[in-house]
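In case you want the letters, here they are:
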Amino acid sequence: MPMRQSVAMHRRPPLALLSASACLLLASFASALGSSCPAPLTTGQAAPGEPYWLQSIKHQGTSAFNPNTTYQVFRNVQDFGAKGDGVTDDTAAIKFDVWSSCKVPFTEPTFQRRHVRGKSLWLWMSIVNLSYISRLVSSAINTYYYTQMIGDARTPPTLLASSNFTGLAVIDADPYVPNGGGAQWFINQDNFYRSVRNLVIDLRRMSPTAPAIGLHWQVSQATSLINVVVEMSQENGTQHQGLFMENGSGGFMGDIIFNGGKNGISVGNQQFTVRNLTVNNAVVGINAVWSWGWTYQRVFINNCSVGFSMTTGGTTAATQTAGSEALIDVTVVDTPVFLQTTKPSNGTLAGSIVLNNVQLYNVPVAVGVEGGEVVLKGSTNSMYIASWAQGNVYVGNDGLARYTQGYIQPPQKPWNIIDSQGNIFGRGHPQYPDYSPDQIVSVKSCGAVGDGYTDDTAALQNIFNMFAGCKLIFFDAGTYYITDTLYIPAGSQITGEAWSVILGGGANFQNQNSPRVMVQAGAPWSSGTLEVTDIIFSTRGPAPGTILVEWNIQQPWNQQGVAGMWDTYFRYVRVLDSAGTNLQYSQCPVGNLSPECQAAFMGLHLTQGSNVYLEGTWIWTADHDLDDPEGRQTSIFTGRGILSESFGPVWMIGTAEHSALYQYNLHAAQDHWIGLAQTETPYYQPVPPAPQPYCNNSYYYDPVYNSSSPMAWAMYVQQSWDITLFGAGFYSFFQNYTQGCLGNYTCQTGILNIDDQSTITLFSISTVGTTYQLTIGQQGIIDEEYNRDGFQETFTAWTRW
């Protein structure tokens, strides 16, 4: 049996230590501070009225590999001429600020879709700082790749749409080309890497009958909306919409509020996760137009005519409507209808619905059909819905679809997964609004270079050794190349700038038979805070022996969600050949089997003693080269996505895609809440078949593959307890880059497998291209034939008993 070559392996205590002596061990880990720390960092010291620290600190971030050595990553709109008095039109200044990151002329005829391809988009990352001042705008602010628009987290600024505003939306993430026949700037499924934070958008100066939109948010993975409010007209006949999304492949958004309007949000996207959404005084709170699968966690709807409107009835790809919607921890107040479908189900699957922990106050209709029957009566007083579903429900191993329109067994909610109110715990992206600039330390000011060439291993380790626990460690924009394990102690708080990159490579990461950890988060069995935001973990290929992150940290017993990652991504593709990861089309074209294109052994390993909160975490092996002018596909190989051995609690609101063996592997795991999980099987399989080009490694509990199962698992569950999967999209689109298998659902036989022991509950599971949606012990149980619900196939729930 090969030994794990990582710092963790040499220091990991046996399980026998988890006794009284373990408490002393954990306490010592928790109390450790950096050598320069007189006391732990516990509270912020920003004075009242002081600006958010992000706009006050020294900015020395750079774009590694960018030929323009003076390129400015952080830019404040004030420096581009914005006045911020609420009277002067600041549109041109803000647009120039945003656009200046692109370095291409506005008038370039091929700008629209080719801005994505052939423009080395990774080189032009930027933060557009809107500070705290209200700004008048008269036309759409278009966002670009690798751009974060960030307002003051202490006092969010307001974008005021003028009365003569023109354009689709105040913020437009994917503009339509004028007279382009429906063409847009970006390919919606590739619309990655953008974020809008700490912002109020006010449409109320526009006519109530104007088709005003706060955000046109047609996006994909690695995107987020955080702490955003949209104010709209509440007059009769209002046509305002807070957010409009007609396509894409997302994604996450959370801590968002929409007041007034025709629709709070009107959305259509393959899949999405939404956490902590509030809609007040809209005609329709949430208008779900189409989906393969959406999960809403913690929703508050107040004084709307309809809380949730769901377009239903389309059961083929050509008639796609809302395929699967899962809502948990919902409160609805003074709203005549909570959930309304456009068509009756007539006793067959035509739009899957799962409701859990829903509290209604003065809501006469809980579930109904537009202009038709009341499916579930509400109450003019109060009513509680513990667990209710519409769709095909399965129990045990018989594979029998039971169409249900009523109560179902609720998900498992271990005590450590929920908050004090009984809701699934959630925590928004930490932004440290109360910190003052002297509580932040810059890694570049302390000796790190971040140019993608210089070995920053020692410099970064020294910074953590000095400042862990008493400073917010700020990774200025850049690419930090490391050649050995970087250890991050308990107590650390880390944040990047426009997604700073930690890039591992070199001789230590070459042996898949003796894998080595690139970044170790906490010592084994250690306890304390460890927060990571706005970081990208990546490798310089080949690196087949790399475990990008080994997560050991455990949150203190009395604090939830202080050990986690937010808007932090694992990415196996980069730019400029030898200056990046060596994993682009020129090195790794379709069909290659070169060892030079092996990017990593594993993305994320959650060890037994760890727990973690993951929100907006995307582990992506690129299937195409975004910087190639033709967007050609690539064959890049990574072994494994996420292996969790954690005893919990674990919250996963994220995805893992395109690894050779699996995307999620839960082994002896406990107390996990996962939703929505989205995966894709590698496009090259079965050439080579799984696990190739990697080898099975029993020490990491790899599944066993044979000729009848040559494809990667989306999720593989072994000997695990109290696991809930609340929303999933598990897709298999290709066999060796061809799609003939889609038509007969044979791209792979099984995609989600559990053993005959694990206690797991499944809700709102959508698959594509897979014969069996669920296998138990690799034996087919749920056949897709009975669950066709649009382009995707959906089963509403499965429980073991």
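Residues numbered from 1 in each chain as written. Predicted model: local features only at pLDDT ≥ 70, side-chain atom pairs only at ≥ 80, totals over all residues. Heavy atoms only, no water.

Q: Which residues make up the overall build of the protein, and what values go with them?
A: Along the protein, the regular secondary structure elements total five helices and 44 strands. In summary, the protein has a C-alpha radius of gyration of 25 Å against a globular reference of 28 Å for 801 residues, a match within 12%. A principal-axis box enclosing the C-alpha atoms of the protein has dimensions of 65 × 65 × 55 Å. Burial statistics for the protein: of 801 residues in total, 68% are counted as buried. Taking as baseline every contact in the protein between residues at least 6 positions apart, the subset at least 24 positions apart corresponds to 71%. Total accessible area on the protein is roughly 25,100 Å²; 52% of this is exposed by carbon and sulfur atoms. Positive and negative side-chain charges of the protein, numbering 36 and 56 respectively, have mean locations separated by a distance of 3 Å. (Helix = DSSP H or I, 4+ residues; strand = E, 2+ residues; numbered from the N terminus. Rg over C-alpha atoms; globule rule 2.2 N^0.38 Å. Buried < 20%, exposed > 50% of the residue type's maximum accessible area, 1.4 Å probe, protein only. Contact = heavy atoms within 4.5 Å. Areas by Shrake-Rupley, 256 points an atom, 1.4 Å probe, with all protein chains shown as cover. Lys, Arg positive; Asp, Glu negative; His and termini not counted. Charge placed at Lys NZ, Arg CZ, Asp CG, Glu CD.)

Q: Describe the pairing of strand E43 (residues 779-783), listing the residues and the values that go with them.
A: By the bridge criterion, four bridges tie strand E42 (residues 770-776) to E43 in an arrangement that is antiparallel. The partner of leucine 774 across the bridge, within E43, is isoleucine 782. Counted between consecutive antiparallel strands, the loop separating E42 from E43 contains two residues, among which glycine 777 sits at a positive phi close to 60 degrees. (Pairing = 2+ DSSP bridges.)

Q: Which residues make up the environment of alanine 448, and what are the values?
A: Within the element layout of this structure, alanine 448 appears in the loop between strand E19 (440-442) and strand E20 (451-455). Expressed as a C-alpha distance, the spacing of alanine 448 and aspartate 476, which sit 28 residues apart in the sequence, is 9.5 Å. Each residue touching alanine 448, except ones within four places of it in the same chain, is listed here: Val443, Asp456, Ala459, Leu460, Ile463 and Tyr480.

Q: Can you lay out the side chain of glutamine 431 for me, pointing to particular residues and giving the numbers?
A: Take glutamine 431: it is sitting in the loop between strand E18 (402-407) and E19. Taking relative accessible area as the criterion, glutamine 431 reaches 11% and is therefore assigned buried.

Q: Please give an account of the packing of aromatic side chains that cites residues and values.
A: What the rule picks out here adds up to 40 aromatic pairs. When the centroid spacing of 6.0 Å and the interplanar angle of 80 degrees are considered together, the rings of tyrosine 394 and phenylalanine 795 count as edge-to-face. Residue tyrosine 394 is found in strand E17 (residues 374-395), and its partner phenylalanine 795 is found in strand E44 (residues 793-799); the two are separated by 401 residues along the sequence. With relative accessibility at 0%, the residue phenylalanine 795 sits in the buried group. With centroids separated by 5.8 Å and ring planes inclined at 80 degrees, the aromatic side chains of phenylalanine 425 and tyrosine 613 adopt a geometry described as edge-to-face. Separated by 188 residues along the polypeptide, phenylalanine 425 in the loop between E18 and E19 and tyrosine 613 in strand E31 (residues 612-621) bring together distant segments of the chain. Side by side, phenylalanine 425 and tyrosine 613 carry an identical accessibility label, which is buried. Among the aromatic residues, those joined into a ring-pair cluster are Tyr146, Phe192, Tyr193, Trp499, Tyr569, Trp618 and Trp620. Here the guanidinium or amino end of arginine 194 rests over the ring plane of phenylalanine 186, the centre of that ring lying 4.9 Å away. Over the face of the ring belonging to tyrosine 481 we find arginine 540, whose NZ or CZ atom lies 4.6 Å from the ring centre. (Phe/Tyr/Trp six-rings, centres within 6.5 Å; stacked < 30°, edge-to-face > 60°. Lys NZ or Arg CZ within 6 Å of the ring centre and 35° of its normal.)

Q: Outline unusual backbone geometry, supporting the account with residue identities and numerical values.
A: A cis amide bond links glycine 648 with the next residue in sequence, proline 649, at an omega value of 0 degrees. Looking at where proline 649 falls in the secondary structure, it is placed in the loop between strand E32 (637-644) and strand E33 (650-657). Geometrically, the link from glycine 675 to leucine 676 is a cis peptide bond, its omega value of -10 degrees lying close to zero. Not every positive phi belongs to a glycine, and serine 131 is a case in point at roughly 50 degrees.

Q: Describe in detail the pattern of salt bridges, supporting the description with residues and values.
A: Scanning the entire structure with this criterion turns up 12 salt bridges. The partner of arginine 135 in a salt bridge is aspartate 90, with the nearest N and O atoms 4.0 Å apart. In this pair, arginine 135 sits in strand E3 (residues 135-142) while aspartate 90 sits in the loop between strand E1 (74-76) and helix H3 (91-99), placing the two residues 45 residues apart along the sequence. Since its relative accessible area comes to 0%, arginine 135 is described here as buried. (Salt bridge = Lys/Arg side-chain N within 4 Å of Asp/Glu carboxyl O.)

Q: Which residues make up the state of the cysteines, and what values go with them?
A: Within the structure shown, the criterion is met by three disulfides. Note on cysteine connectivity: cysteine 588 is disulfide-linked to cysteine 597, with sulfurs 2.1 Å apart. Judged by the torsion about the S-S bond (-100 degrees), the cysteine 588/cysteine 597 disulfide is left-handed. The burial state of cysteine 588 is the same as that of cysteine 597; both residues are buried. Shown here is the disulfide that connects cysteine 741 with cysteine 747, its sulfur atoms set 2.0 Å apart. Between cysteine 741 and cysteine 747, the disulfide has an S-S torsion of 85 degrees and is therefore right-handed. (Disulfide = S-S within 2.5 Å.)

Q: So, the pairing of strand E15 (residues 337-341): which residues are in play, and what are the values?
A: For E15, the tally of buried residues reaches five of five residues, placing the bulk of the element in the interior. As judged from the four bridges shared by strand E13 (residues 306-310) and E15, these two strands associate in the parallel manner. Within E15, the position partnered with phenylalanine 308 by the bridge is leucine 339. Two strands pair when backbone bridges link them, and E15 and strand E16 (residues 352-369) are joined in this way by four bridges, in the parallel orientation. Paired with glutamine 340 across the strands is glycine 368, a residue of E16.

Q: A description of the nonpolar core should follow, citing residues and the corresponding values.
A: Membership of the largest hydrophobic core comes to 211 residues, with the highest contact counts inside it found for Tyr296, Phe537 and Trp551. Of all the elements, strand E12 (residues 284-302) adds the most residues to this core, at eight residues. If near-sequence neighbours (up to four positions away) are discounted, phenylalanine 537 is found in contact with Ile502, Met518, Val519, Val532, Leu548, Val549, Met565, Thr568, Tyr569, Phe570 and Arg571. Counting residues in hydrophobic clusters, the runner-up holds 18 residues, among them Val393, Trp651, Phe763 and Ala797. (Core = buried A, V, L, I, M, F, W, Y, C linked by side-chain atoms within 4.5 Å.)

Q: Outline the environment of threonine 617, supporting the account with residue identities and numerical values.
A: Inspection of the secondary structure puts threonine 617 in strand E31. Each C-alpha atom, one on threonine 617 and one on threonine 568, is 5.4 Å from the other, the two residues being 49 residues apart in sequence. Filtering out sequence-adjacent residues up to four positions away, threonine 617 remains in contact with Met565, Thr568, Phe570, Ile653, Gly654 and Thr655.

Q: Mind laying out the environment of tryptophan 185, listing which residues take part and the relevant values?
A: With respect to the helices, strands and loops of the structure, tryptophan 185 is situated in the loop between strand E5 (158-172) and strand E6 (194-202). For tryptophan 185, a relative accessible area of 11% translates into the label buried. Sequence spacing of tryptophan 185 and proline 175 is 10 residues, and the spatial spacing of their C-alpha atoms is 5.7 Å.

Q: Any chance you could break down the confidence of the model for the protein for me, citing the residues and the numbers?
A: Per-residue confidence for the protein gives a mean pLDDT of 90; residues scoring 70 or more make up 91%. Segment residues 1-31 is flagged for pLDDT under 50; beyond a separation of four residues in sequence, or across chains, it makes 56 contacts in the model. A low-confidence stretch, residues 574-579 stays under pLDDT 50, and its non-local contacts, those more than four residues away or across chains, total 29 contacts. (pLDDT = per-residue confidence, 0-100.)

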